[in-house]
Every structure is written in C-alpha cells, then in structure tokens.
Amino acid sequence: VLGGSDEYASVVTEFKGTKAAHLSAVMAVAAYLEAGDLTSAKEYIALYEACEGGIGEIINGMVYTLKGDIAVEENDLQSAVVEYQKALEASDDEYTYTTALRKLALVYETMGNGEKAQERYKAALVKYPANAQSYTKYIKE
C-alpha cells in the first residue's frame, strides 16, 4: 500500500504520462506538504501534466488546490486566490470543489476581505445544499 511521499514519487517516475502517475504526483505533493517539505512539493507539482476527462478534471482541480496550498505556505496569498479559483473552474466534483472553495474563503478572510469570504461560503451552500452544515457555521448574517 502506498502511503509515503517517496512511494508516490516512484510511481510518478515509473509510470510517467499515465493517469496513475498524475494522481501519484498529486498524492506525493500532498504528502510532501504534510511533511513540511515545500521544496519537494514544488518539484513534484511541476511534473504534473493536465489530464482530460471526468477523473482528469478532478485531478486537475486537486492540483490547482495544492498549488494554492503551496502559495499559502509561501505567504503568497494573491497567488493562492488565483490557484483556488482555477481549481473551482477545473472541477465540479463536490469534494474537490468545496475544498477549494473553503480554502479560497479562508484566504480571503486572512487577507481581510470578509465580504468575499462570505460570498464563497454562500456559493457553497447554493451549489451543494446537502453540505449546509459544513458552511452555515462560517456565514455571518
């Protein structure tokens, strides 16, 4: 079972150009970020090649979200906004979309733009009302 960043990285190298390699690149980046290895995370995110099709769109959305996470770690909040917005445009998958939307709202809050953050939380409620409990706690009336 894969689980560490090095194992994912080996799949990226061995199966270059396949969807398995693309997904493994995403997982490697996430693992490196979790471990605090920003250099390796940036190295593997640079290896990612955009995918097509349903699963490809989801993976693309995940990649943009991770790029946003890297930007946040580098305290480049404006770049994070751009990447999270790209994630929203890349995939309508509920998990991918709501994850990027929540992170985008948090960045706006950090930037002192509560109005835009609130717009994002409300957009999540409209798009995925079944997740209302996840977002209503953040909405200020």
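Before going into details, it helps to say that this report is about the structure given with it. None of these values were measured; they are calculated from a predicted model.

## As for the overall build of the protein chain
Step number 1: Of regular secondary structure, the protein chain possesses eight helices and zero strands.
Step number 2: Reading the secondary structure of the protein chain in the N-to-C direction produces α-α-α-α-α-α-α-α.
Step number 3: Whereas a compact globule of 141 residues would reach a radius of gyration of roughly 14 Å, the protein chain reaches 16 Å, a difference of no more than 12%.
Step number 4: Structurally, the protein chain occupies a C-alpha span of about 50 × 30 × 25 Å along its principal axes.
Step number 5: The buried share among the 141 residues of the protein chain stands at 43%.

## A word on the nonpolar core
Step number 1: By size, the foremost hydrophobic cluster in this structure holds 19 residues, and its most contacted members are Leu88, Leu104 and Val107.
Step number 2: Elements supplying a minimum of two residues to this core: α5 (77-90), α6 (94-110) and α7 (114-127).
Step number 3: Once residues within four sequence positions are removed from consideration, Leu104 is found in contact with Val81, Tyr84, Gln85, Leu88 and Arg120.
Step number 4: Judged by nonpolar contacts, the second largest core, of 18 residues, contains Leu33, Ile45, Cys51 and Val63.

## Let's talk about the environment of Glu109
Step number 1: With respect to the helices, strands and loops of the structure, Glu109 is situated in helix α6.
Step number 2: Here Glu109 falls in the partly exposed class, since its relative accessible area comes to 32%.
Step number 3: A C-alpha to C-alpha distance of 16 Å links Glu109 and Ala71, two positions 38 residues apart in sequence.
Step number 4: Discounting residues that sit within four places of it in the chain, Glu109 has contacts with Ala117 and Tyr121.
Step number 5: A polar side-chain atom of Glu109 sits 3.3 Å from a polar atom in the side chain of Tyr121.

## Regarding the side chain of Thr98
Step number 1: Take Thr98: it is sitting in helix α6.
Step number 2: Look at Thr98 and you get buried, because its relative accessible area is 8%.
Step number 3: In this structure the side chain of Thr98 is engaged in a polar contact, spanning 2.7 Å, whose partner is the backbone oxygen of Glu94.
Step number 4: In this structure the side chain of Thr98 is engaged in a polar contact, spanning 3.3 Å, whose partner is the backbone oxygen of Tyr95.

## Some remarks on helix α3 (residues 38-46)
Step number 1: Among all positions in α3, only Ser40, Ala41, Tyr44 and Ile45 are buried. Viewed end-on, α3 has its buried residues packed into an arc of 130°, placing them on one side of the element. For α3, the exposed residues lying more than 90 degrees away from the buried face are Thr39 and Ala46.

## Quick look at α6
Step number 1: Under the 1.5 Å per step criterion, the end-to-end length of α6 is 24 Å for 17 residues, consistent within 8% with the ideal 24 Å.
Step number 2: Of the positions making up α6, those classed as buried are Thr96, Tyr97, Thr98, Thr99, Ala100, Leu101, Lys103, Leu104, Ala105, Val107 and Tyr108.

## Observations regarding unusual backbone geometry
Step number 1: Positive phi, normally seen in glycine, also occurs at Asn75, with a value near 60°.
Step number 2: Looking at the secondary structure, you find Asn75 in the loop between α4 (53-73) and α5.

## A short note on the packing of α5 against α6
Step number 1: Direction vectors running N to C along α5 and α6 enclose 155°, while the axes themselves pass 9 Å from each other. Accordingly, the angle class assigned to the pair α5 and α6 is roughly antiparallel. Helix-helix and strand crossings are classified by hand; for α5 and α6 the assignment is left-handed. Taken together, the residues of α6 that come into contact with α5 (itself represented by Leu77, Ala80, Val81, Tyr84, Gln85, Ala87 and Leu88) are Tyr97, Ala100, Leu101, Lys103, Leu104, Val107, Tyr108 and Thr110.
Step number 2: Split into classes, the residues belonging to the contact of α5 with α6 amount to 12 nonpolar, two polar and one charged.

What counts and how
- Residues numbered from 1 in each chain as written.
- Predicted model: local features only at pLDDT ≥ 70, side-chain atom pairs only at ≥ 80, totals over all residues.
- Heavy atoms only, no water.
- Helix = DSSP H or I, 4+ residues; strand = E, 2+ residues; numbered from the N terminus.
- Rg over C-alpha atoms; globule rule 2.2 N^0.38 Å.
- Buried < 20%, exposed > 50% of the residue type's maximum accessible area, 1.4 Å probe, protein only.
- Core = buried A, V, L, I, M, F, W, Y, C linked by side-chain atoms within 4.5 Å.
- Contact = heavy atoms within 4.5 Å.
- Polar contact = N/O pair within 3.5 Å; in protein donor to acceptor, adjacent residues only side chain to side chain.
- Arc of directions from axis to C-beta.
- Expected span 1.5 Å × (residues − 1).
- Axes fitted to C-alpha atoms, helices over the stretch in contact; angles between N-to-C directions.
- Parallel < 35°, antiparallel > 145°, perpendicular 65-115°, else oblique.
- Left-handed = near helix turned anticlockwise from the far one by under 90°.
- Nonpolar A, V, L, I, M, F, W, Y, C, P; charged D, E, K, R; others polar.

Interpretation in functional terms is not warranted from these geometric data alone.
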